Amino acid sequence: QVQLVESGGGLVQAGGSLRLSCAASGSISSIKGMGWYRQVPGKQRELVASVTSVGATNYADSVKGRFTISRDNAKNTVYLQMNSLKPEDTAVYYCTTGGTVGSVRFGSWGQGTQVTVSS
């Protein structure tokens, strides 16, 4: 079992930056890929960015060029650097070792951290 704890969310003006962190504990040797998802009320969680165990990354089209995912295996932590934030980036951001298939979630998930971008 893997436990994930996110931090770094908050309120920021449009054009600003935030850095989210996700610290993993527990059965960390079982962790392969990790990712960040986000969710707004009434919608399904959507993938924002992911990173494999060897550092290959993938981004949603809406955040390409603005967000950067990285991982520090020595610290068992994954980061999401968010620049040039837009109001439409407002959501609860979740860290995960798994993902979603439709509305079904698999893997370990954190409790989420709120990101609010004001216009």
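Refer to the preceding data block for the structure.
Just so you know, these numbers come straight off a predicted model, no measurement behind them. (Residues numbered from 1 in each chain as written. Predicted model: local features only at pLDDT ≥ 70, side-chain atom pairs only at ≥ 80, totals over all residues. Heavy atoms only, no water.)

A. Molecular detail of the overall build of the protein chain. From N to C terminus, the protein chain includes zero helices and twelve strands. For the C-alpha atoms alone, the extent of the protein chain along its principal axes is close to 40 × 30 × 25 Å. Burial statistics for the protein chain: of 119 residues in total, 39% are counted as buried. In the protein chain, once contacts between residues fewer than 6 apart in sequence are set aside, the share between residues at least 24 apart is 53%. (Helix = DSSP H or I, 4+ residues; strand = E, 2+ residues; numbered from the N terminus. Buried < 20%, exposed > 50% of the residue type's maximum accessible area, 1.4 Å probe, protein only. Contact = heavy atoms within 4.5 Å.)

B. Local environment of the packing of aromatic side chains. Scanning all chains against the criterion turns up two aromatic pairs. Seen in terms of ring centroids, tyrosine 37 and tryptophan 109 are 5.1 Å apart; in terms of plane orientation they differ by 65°. Their pairing is edge-to-face. Of this pair, tyrosine 37 sits in strand S4 (residues 34–39) while tryptophan 109 sits in the loop between strand S11 (104–106) and strand S12 (113–118); the two residues are 72 residues apart in sequence, bridging distant segments of the chain. Seen from their ring centres, tyrosine 94 and tryptophan 109 are 6.5 Å apart, and the 75° between their planes marks the pair as edge-to-face. Of this pair, tyrosine 94 sits in strand S9 (residues 91–96) while tryptophan 109 sits in the loop between S11 and S12, placing them 15 residues apart in sequence. Each member of the pair, tyrosine 94 as well as tryptophan 109, carries the same accessibility label: buried. Cation over ring: arginine 19 sits above tyrosine 79, and NZ or CZ is 4.0 Å from the ring centre. (Phe/Tyr/Trp six-rings, centres within 6.5 Å; stacked < 30°, edge-to-face > 60°. Lys NZ or Arg CZ within 6 Å of the ring centre and 35° of its normal.)

C. Structural detail: the sheet that holds strand S5 (residues 46–51). The strand order S2-S12-S9-S4-S5-S6 describes an open sheet built from six strands, whose pairing is mixed. Two strands bound the open sheet, and with one partner strand each, they are strand S2 (10–13) and strand S6 (57–59). Going from strand to strand, the sheet's axes swing by 25° on average, the running direction of each strand aside. (Pairing = 2+ DSSP bridges. Axes fitted to C-alpha atoms, helices over the stretch in contact; angles between N-to-C directions.)

D. Spotlight on unusual backbone geometry. Residues other than glycine seldom take positive phi values, yet asparagine 76 does so here, at roughly 55°. Tracing the chain through its elements places asparagine 76 in the loop between strand S7 (67–72) and strand S8 (77–82). The class of asparagine 76 is partly exposed, set by a relative accessible area of 27%. Even without being glycine, serine 84 reaches a positive phi, approximately 50°. Position of serine 84 relative to the elements: it lies in the loop between S8 and S9. Accessibility expressed as a relative area gives 39% for serine 84, which makes it partly exposed.

E. Representation of a nonpolar patch on the surface within the structure. Judged by side-chain polarity, Val101, Val104 and Phe106 come together as a nonpolar surface patch covering roughly 290 Å² of accessible area. By secondary structure assignment, the location of valine 104 is in strand S11. Residue class for valine 104 comes out exposed when judged on its relative accessible area of 52%. (Patch = residues over 30% accessible without salt bridge, like charges linked within 9 Å, V, L, I, M, F, W, Y side chains within 5 Å. Areas by Shrake-Rupley, 256 points an atom, 1.4 Å probe, with all protein chains shown as cover. Salt bridge = Lys/Arg side-chain N within 4 Å of Asp/Glu carboxyl O.)

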